[in-house]
Amino acid sequence: MNTRRGYTNGKRPGNRRENTGKSSRSAVCRMNRTARIGIAVLVVLTVFLAVRGLLSAGGFLGSSGYGRVDVDASEPEIDVQLLDVNPYSRPGTQSNGITGIVIHYTANPGSTAQGNRDYFNGLQFSHETKASSNFVVGLDGEIIQCIPTWEVAYASNDRNYDSVSIEVCHPDDSGKFTEESYRSLVQLTAWLCVKFDLTADDVIRHYDVTGKNCPKYFVEHEDEWEQFKENVSLAIASEN
């Protein structure tokens, strides 16, 4: 038996410590690998949520649709602020009978319903152009009536004499309406359809009259235009 100091059965006592060290290093490596995988998963999840947020907000990667909205065809709350009768925005001419509803956008990002109404009324003094609309829907869903539905508005060119026009405000250059504006537009359009015995097929865009890119979002997203008309149809049906 080897009894030299520091040896037992010919084995160095330090071997046990060396093996333990290797096990510790392996455990640390496994922990580091798990941590790296966890960080990678967290990064992927963060990117996914960010992209989804951009899509939902209509960001640069795309825009989400409006989808179905639950509104009826009852008369919405309307702030009646009729324009002064004048040659530039309210000629006071009686329509030939309403056979259609024409949807527009203001093409002035961030402008308000009140601001657009006041602009129309001010044309009698500025004489810069002839323009108006029967209704203007604001960014918060408020509705201002500028011209009675039985009078002509200068909005839809060849359809001025047999249609009701609706201008809608929008927050940015995309032309997409806010959720509040969209809901009010659906309800107002459905109510007018019931009032004049029309259907969603009688609702058109300014684009359908002149080819103008108006309302921009509905021209550039044909599927959203069809969804809008479907929502109008559903609102009309709720009244039957």
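Cut-offs used in this document
- Residues numbered from 1 in each chain as written.
- Predicted model: local features only at pLDDT ≥ 70, side-chain atom pairs only at ≥ 80, totals over all residues.
- Heavy atoms only, no water.
- Pairing = 2+ DSSP bridges.
- Helix = DSSP H or I, 4+ residues; strand = E, 2+ residues; numbered from the N terminus.
- Contact = heavy atoms within 4.5 Å.
- Axes fitted to C-alpha atoms, helices over the stretch in contact; angles between N-to-C directions.
- pLDDT = per-residue confidence, 0-100.
- Expected span 1.5 Å × (residues − 1).
- Bend = angle between axes of the 7 residues up to and from the residue.
- Buried < 20%, exposed > 50% of the residue type's maximum accessible area, 1.4 Å probe, protein only.

Asker: Give a detailed account of the sheet that holds strand β5 (residues 163–168), specifying residues and quantitative values.
Answerer: Taken in spatial order, the 6 strands line up as β1-β4-β3-β5-β2-β6 in an open sheet, and their pairing is mixed. Edge positions in the sheet fall to β1 (79–80) and β6 (203–205), since each of these pairs with one other strand and no more. Pairing analysis gives 6 bridges linking strand β2 (residues 100–105) to β5, with the strands arranged parallel. Residue pairing across strands places V102 opposite S165, the latter belonging to β5. Most of the contacts of helix α2 (residues 113–126) go to strand β3 (residues 135–137), to which it runs at about 150°, and overall it touches β3, β4 (143–145) and β5. Running at roughly 175° to β5, helix α3 (residues 179–195) makes contact with β2, β3, β4, β5 and β6 of the sheet.

Asker: I'd love a proper account of the confidence of the model for the protein chain, names of residues and values included.
Answerer: Close inspection of predicted coordinates is inappropriate for parts of the model with low pLDDT. With 75% of its residues at a pLDDT of 70 or more, the protein chain shows a mean pLDDT of 85. Segment residues 1–18 is flagged for pLDDT under 50; beyond a separation of four residues in sequence, or across chains, it makes 5 contacts in the model. A low-confidence stretch, residues 51–63 (pLDDT under 50), is modelled with 14 contacts involving residues beyond four sequence positions or located in other chains.

Asker: Could you give an account of α2, with specific residues and numbers?
Answerer: Each full turn of the α-helix corresponds to 3.6 residues, which orients residues three or four apart in the same direction. The first and last C-alpha atoms of α2 sit 19 Å apart over 14 residues, in line with the 20 Å expected at 1.5 Å per residue. At F120, α2 shows its strongest bend, of approximately 30°. For α2, the set of buried residues is A113, N116, R117, F120, N121, L123 and Q124. Looking at the packing, one finds that the buried side of α2 touches β3, β4 and β5. Following α2 by one or two positions, H127 adopts a phi angle in the positive range, close to 60°.

Asker: Break down unusual backbone geometry for me, with residues and values.
Answerer: Look at the link from C214 to P215: it is a cis peptide, with omega at -10°. Of note, P215 is situated in the loop between α4 (206–210) and α5 (216–220). The backbone of A107 sits at a positive phi, close to 60°, despite the residue not being glycine. Note on placement: A107 falls in the loop between β2 and α2.

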